[in-house]
Amino acid sequence: MKHLTTILAAVLCAVCLSGCEGQKTQEQIDAEIASGITEFNYKWHKYLLYERCYGKGGIGGITHDPDCPCHKEGGEE
């Protein structure tokens, strides 16, 4: 019986600790991601720099902005 009580207490504690942080709304997720995007120009083109830090690490990437004026002119240089 002691063993069962210990297991139930551990499960209850785990559930309580994991449920402390509420779920984010889609708007909050979008705003968090958008805060890591920087627009910049290079050789007359527009680019987007994506950065996201996780502790001591992170991820990043660069893409040609789909709103770059070169796409409206009929092609890239």
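Just so it is clear, the model here is predicted, and its values are computed rather than measured.

Attention shifts here to unusual backbone geometry. For residues besides glycine, phi is generally negative; the peptide bonds are generally trans as well. You will see that Lys43, though not glycine, has its phi angle at about 50°, which is positive. Structurally, Lys43 is set in the loop between β1 (37-42) and β2 (45-54). Relative accessible area serves as the criterion here: at 55%, Lys43 is assigned to the exposed category.

Moving on, we get to a nonpolar patch on the surface. Side chains of Ile29, Ile33, Ile37 and Tyr50 sit close together on the surface and give an oily, nonpolar patch of about 290 Å² of accessible area. Note that Tyr50 resides in strand β2.

Right, let's get into the sheet that holds β1. The antiparallel open sheet is built from three strands, whose spatial order is β1-β2-β3. Among the strands making up the open sheet, the edge pair consists of β1 and β3 (57-64). The mean inter-strand angle of the sheet, taken between neighbouring strand axes irrespective of direction, is 25°. Bridge count for β2 against β3 is eight bridges, and the pairing is antiparallel. Counted as the bridge partner of Leu48 is Thr63 from β3.

Calculation rules
Residues numbered from 1 in each chain as written. Predicted model: local features only at pLDDT ≥ 70, side-chain atom pairs only at ≥ 80, totals over all residues. Heavy atoms only, no water. Helix = DSSP H or I, 4+ residues; strand = E, 2+ residues; numbered from the N terminus. Buried < 20%, exposed > 50% of the residue type's maximum accessible area, 1.4 Å probe, protein only. Patch = residues over 30% accessible without salt bridge, like charges linked within 9 Å, V, L, I, M, F, W, Y side chains within 5 Å. Areas by Shrake-Rupley, 256 points an atom, 1.4 Å probe, with all protein chains shown as cover. Salt bridge = Lys/Arg side-chain N within 4 Å of Asp/Glu carboxyl O. Pairing = 2+ DSSP bridges. Axes fitted to C-alpha atoms, helices over the stretch in contact; angles between N-to-C directions.

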